[in-house]
Amino acid sequence: MEFSRIIIKPVHTEKSYAQQNIEPKKHAFIVDLSATKSDIKLAFESIYGFAPTKVSTQIRKPAKIRTGTAKPGFTKKVKIAYVTLPAGMSISAEQQAEESKKVETKKTESTLKEVKKDSKKVEKKAEPKKATSNLKEVTKEAK
């Protein structure tokens, strides 16, 4: 699995901000469901340049939400990684935002490439064959 796809985005909650301000500093990230702790550690190290001291994970199960219909809806299943930083190290919120934007742009670029390939295939199939010869035959019959 690619390191850029393991860490999806940082979590911005009251709890995560409180953990960032005390020692040892902990940062929360939403990660891929199939990522292991060692994968998360390697991805964090490749993105931020230093290895965390500890990684703990939590899976949030889908919860019921009200939809206004007879059948309730559900939230998505999410895996959250709490990364403990070494003493004296820190990550700024701006740096987290930049990293999440980079990951999102990589994903959108790859999906745009796939869409372009698909649209070229559709354009080739949509072109009519011998459309001009049919028009000539129709005009000859009309005379």
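Placed above this text is the structure.
Not measured: the values here are computed from a predicted model.

(A) Highlighting the overall build of the chain. Scanning the chain for helices and strands turns up four helices and six strands. Counting from the amino terminus, the chain carries its helices and strands in the arrangement β-α-β-α-β-β-β-β-α-α. Per-residue burial over the chain gives 24% buried out of 143 residues. Partitioning the intrachain contacts of the chain with sequence separation of at least 6 by distance along the chain shows that 62% fall at a separation of at least 24.

(B) View of the packing of aromatic side chains. According to the stated counting rule, one finds four aromatic pairs in the structure shown. Measuring from centroid to centroid gives 5.7 Å for Phe44 and Phe50, while their planes differ by 85°, and the two rings are edge-to-face. The burial state of Phe44 is the same as that of Phe50; both residues are buried. In textbook terms, an aromatic cluster arises when at least three aromatic residues are bridged by ring pairs, as seen for Phe29, Phe44, Tyr48 and Phe50.

(C) The arrangement of helix α1 (residues 14–21) in detail. Listing the buried residues of α1 in full gives Ser16, Gln19 and Gln20. Mapping the buried residues of α1 onto a view down its axis gives an arc of 105°, with all of them on the same face. Structural note: α1 exposes Glu14 and Asn21 on the side pointing more than 90 degrees away from its buried face.

(D) Inspection of helix α2 (residues 37–48) at higher detail. Across its twelve residues, α2 extends 16 Å between first and last C-alpha, which sits within 8% of the 16 Å expected from 1.5 Å per residue. Here α2 has its buried residues at Ile40, Ala43, Phe44 and Tyr48. The buried residues of α2 occupy an angular sector of 105° when the element is viewed end-on, so they sit on one face.

Thresholds applied
- Residues numbered from 1 in each chain as written.
- Predicted model: local features only at pLDDT ≥ 70, side-chain atom pairs only at ≥ 80, totals over all residues.
- Heavy atoms only, no water.
- Helix = DSSP H or I, 4+ residues; strand = E, 2+ residues; numbered from the N terminus.
- Buried < 20%, exposed > 50% of the residue type's maximum accessible area, 1.4 Å probe, protein only.
- Contact = heavy atoms within 4.5 Å.
- Phe/Tyr/Trp six-rings, centres within 6.5 Å; stacked < 30°, edge-to-face > 60°.
- Arc of directions from axis to C-beta.
- Expected span 1.5 Å × (residues − 1).

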